[in-house]
Amino acid sequence: MFENLSERLSGVFDKLTKQGALSEDDVKTALREVRVALLEADVSLPVARDFVKAVGDKATGQAVTKSVTPGQQVVKIVHDELVHVLAGDEGEIGTLKVDNAPAPILMVGLQGGGKTTTTAKLAKRLKEKQGKRVLMASLDIYRPAAMDQLKVLGEQIGVDTLPIVPGQTAADIARRAKQQATMGGYDVYMLDTAGRLSIDDALMAEVEEVKKITTPRETLLVVDGLTGQDAVHTAENFDGRIGISGVVLTRMDGDGRGGAALSMRAVTGKPIKFVGLGEKMDALEEFHPERVAGRILGMGDIVALVEKAQETIEAEQAQRMIKRFQKGQFNMNDLKMQLEQMQKMGGMESIMGMMPGMGKMAKQVQDAGFDDSIIKRQIALVNSMTKKERANPALLQASRKKRIAAGAGMDVSELNKLLKMHRQMADMMKKMGKMGKGGMLKQAVKGMFGKGGPQGLEDMDPAKMAEATKALQGAMPKGMGGLPGLGGGMSLPSNLSGLGKKK
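What counts, and at which threshold
Residues numbered from 1 in each chain as written. Predicted model: local features only at pLDDT ≥ 70, side-chain atom pairs only at ≥ 80, totals over all residues. Heavy atoms only, no water. Helix = DSSP H or I, 4+ residues; strand = E, 2+ residues; numbered from the N terminus. Contact = heavy atoms within 4.5 Å. Areas by Shrake-Rupley, 256 points an atom, 1.4 Å probe, with all protein chains shown as cover. Pairing = 2+ DSSP bridges. Axes fitted to C-alpha atoms, helices over the stretch in contact; angles between N-to-C directions. pLDDT = per-residue confidence, 0-100. Phe/Tyr/Trp six-rings, centres within 6.5 Å; stacked < 30°, edge-to-face > 60°. Lys NZ or Arg CZ within 6 Å of the ring centre and 35° of its normal. Parallel < 35°, antiparallel > 145°, perpendicular 65-115°, else oblique. Left-handed = near helix turned anticlockwise from the far one by under 90°. Nonpolar A, V, L, I, M, F, W, Y, C, P; charged D, E, K, R; others polar. Buried < 20%, exposed > 50% of the residue type's maximum accessible area, 1.4 Å probe, protein only. Expected span 1.5 Å × (residues − 1). Core = buried A, V, L, I, M, F, W, Y, C linked by side-chain atoms within 4.5 Å.

Colleague: Would you take a moment to explain the overall build of the chain for this structure?
Modeller: On a plain count of helices and strands, the chain comes out with 24 helices and 10 strands. A separation threshold of at least 6 residues defines the contact pool for the chain, and within that pool the share at least 24 residues apart is 74%. Total accessible area computed for the chain in this model is approximately 23,500 Å², and 51% of it derives from carbon and sulfur atoms.

Colleague: In this structure, what is going on with the sheet that holds strand β3 (residues 160-161)? I would like to understand it.
Modeller: Sheet strands associate in pairs through backbone hydrogen bonding, adopting either a parallel or an antiparallel arrangement. Taken together, the 8 strands give an open sheet; going across it, the order is β3-β2-β4-β1-β5-β6-β7-β8, and neighbouring strands pair in mixed fashion. Each having just a single partner strand, β3 and β8 (284-286) make up the two edges of the open sheet. Alignment of strand β1 (residues 103-108) against strand β4 (residues 188-192), held across 5 bridges, turns out to be parallel. Of the residues in β4, the one forming a bridge with Ala103 is Val188. This element, helix α9 (residues 201-214), spans β1, β4 and β5 (218-224) of the sheet and lies at about 170 degrees to β1.

Colleague: What's the story with the confidence of the model for the chain in this structure? I'm lost.
Modeller: Averaged over all residues, the pLDDT of the chain equals 75, while 68% of them reach at least 70. Every residue in residues 451-460 is under pLDDT 50, and counting partners more than four places away or in other chains gives 14 contacts. Note that pLDDT drops below 50 for residues 470-503; the model gives that stretch 99 contacts with residues more than four away or on any other chain.

Colleague: What is the right way to read the packing of aromatic side chains from this model?
Modeller: Two aromatic rings, taken as a pair, are described by how far apart their centres are and by the angle between their planes. Tallied over the entire structure, the rule returns 0 aromatic pairs. Positioned above the aromatic ring of Tyr186 is the side chain of Arg133, whose terminal nitrogen or guanidinium carbon lies 4.2 Å from the ring centre. Sitting over the face of the ring of Tyr142, Arg196 holds its NZ or CZ atom 4.9 Å from the ring centroid.

Colleague: In this structure, what is going on with the packing of helix α8 (residues 170-183) against α9? I would like to understand it.
Modeller: Across the interface, α8 lies against α9 with an axial gap of 9 Å and an inter-helix angle of 25 degrees. Of the possible angle classes, the one that applies to α8 and α9 is roughly parallel. Remark: the crossing between α8 and α9 carries right-handed chirality. Residues Ala170, Ala171, Ala174, Arg175 and Lys178 of α8 lie in contact with α9, whose contacting residues are Glu206, Glu209, Val210, Ile213 and Thr214. Tallied by class, residues from the contact of α8 with α9 come to 5 nonpolar, 1 polar and 4 charged.

Colleague: Explanation requested: the side chain of Thr117 in the structure shown.
Modeller: Position of Thr117 among the secondary structure elements: in helix α6 (residues 115-130). What makes Thr117 buried here is its relative accessible area of 18%. Ignoring any residue separated from it by four or fewer positions in sequence, one finds Thr117 in contact with Gln149, Leu153, Glu279 and Met281.

Colleague: Just to check I follow, could you spell out unusual backbone geometry for this structure?
Modeller: Leave glycine aside and you will find that most residues have negative phi; peptide bonds, for their part, are mostly trans. With omega at -10 degrees, the peptide bond leading from Ala101 into Pro102 counts as cis. Here Ala145, not a glycine, exhibits a phi torsion of approximately 65 degrees, which is positive. Mapped onto the elements, Ala145 comes out in the loop between β2 (134-138) and α7 (146-157). One non-glycine residue, Thr215, adopts positive backbone phi at about 40 degrees.

Colleague: Mind showing me how you'd approach α9 here?
Modeller: Side chains that are three or four residues apart share a direction in an α-helix, a result of its 3.6 residues per turn. Here α9 contains 14 residues, and its C-alpha end-to-end distance of 20 Å stays within 8% of the 20 Å for a straight helix at 1.5 Å per residue. The complete set of buried residues in α9 reads Leu203, Met204, Glu206, Val207, Val210, Ile213 and Thr214. Elements in contact with the buried residues of α9: β1, α8, β4 and α10 (229-241). Immediately beyond the C-terminal end of α9, within one or two residues, lies Thr215, with a positive phi of roughly 40 degrees.

Colleague: What exactly am I supposed to notice about the nonpolar core here?
Modeller: The nonpolar side chains of soluble globular proteins are, as a tendency, buried together. If you look at the biggest cluster of nonpolar residues, it comprises 70 residues, and the most contacted ones within it are Phe13, Phe51 and Phe238. Considering each element in turn, this core owes the most residues, 8 residues, to helix α5 (residues 70-87). The contacts of Phe13, once residues within four sequence positions are left out, are Val34, Val74, Val75, Val78 and Leu297. Ranked by size, the runner-up nonpolar core spans 23 residues in total, among them Ile105, Val248, Phe274 and Met281.

Colleague: What should I look at first to understand the packing of α9 against α10 in this one?
Modeller: For any two helices packed against each other, the geometry comes down to the angle between their axes and how far apart the axes lie. The contact between α9 and α10 brings their axes to 11 Å, and the two run at 50 degrees. The pairing of α9 with α10 is recorded here as oblique in orientation. Classified by chirality, the crossing of α10 by α9 is right-handed. Within the contact between the two elements, α9 uses Asp201, Leu203, Met204, Ala205 and Glu208 and α10 uses Asn237, Phe238 and Arg241. The residue inventory of the contact of α9 with α10, partitioned by class, reads 4 nonpolar, 1 polar and 3 charged.

The structure is reproduced here in structure tokens:
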């Protein structure tokens, strides 16, 4: 979502960081461009104006002129100010008040914003991450099949839904949900209210009545991130009439300009608690302002990357793989495991977007025609091999190659590319296994599964993380671009031209 803003800002900061000392005019020119970039990203004018003023005041102070690298200092000030705009003075991130059982959570918003899906996503999160017993109830008596939709989603995620009784009003359903949650011993009950195409009195009166009946612990407003500044006005209206405790922004994976996310906290004073990043039931993330700021400024989000890796990689499996790699053993089974790992973590683009200094490289990968469908095709090629061939790719001669390619429904040329990639990766694994103190791979896994887990990474300076990544890229064999530290170093050749070109 923040792609354009990110590109504009990184262009501004590239100029700044190349200069030794900065004059006030340099800073003013840079901030003028920052302001234009913010306005283009659909950030509201007062927020953009305050942002640039706050950065300007800090950037022209003593701290910058005395610092060794003034350009980097300005980047840090912008980063800190972005965090402040996104977070305000909010302490707890993504926490919901679900203490006094049964705790009611009221979901409000306009039609088409993604309320029903978000209700189910949150219920799944509460059930799996906090071990809560959740009951969902649909109060949408107007939209055809709205109640059935929630029921189907409930069955998908294994969460109970309130039985549908035709002809009841929203207030009746709310009373019934409260009663069933109390009698059934539920920890949380979630009320998915009806939406309208625009804010009107009938909608507000209905939500107010439901709120009086249930006195919710949280009132979450679900808004579509693609609606830009309209989302901010919607939040102001709902807050003024009903009072909301937080916001969930949906479609943050879309190509909207991100202004709503940047303006929401500053204009409404309400925190963004979660963001929806897709249609799947687990595509809901806590909104961490410092991580989002890091991504906008191209510093990556290494903590999120490590957390994702920890969720999908088993420590013992990673250690076993490292021992094999250090001995130079890297066969087709290992390659398949790496490719599947990338899929689990959201695909190539998702991983690279989180790595410091890798944002631009992700674009090159995309331009080369490498997308996540290629990973599926490569896995299909490996699946088409026999056990012996997977364990020893040296066996693959012309006739075997023809059989494997035909089995996967592809050309032999695609198999040859995969084998070349495998050879390059095997060489790199061997080098990385021996490189540096205790081996680079060993250190990466230690950082991921050590006593501190990813927490230790939170304290690291994002700029230093970016430098470390660049140094690591420099240490790799020529023609290789790698993603180290993910289950033993996930890598891809950087000369991707033609690798995924569709015919």
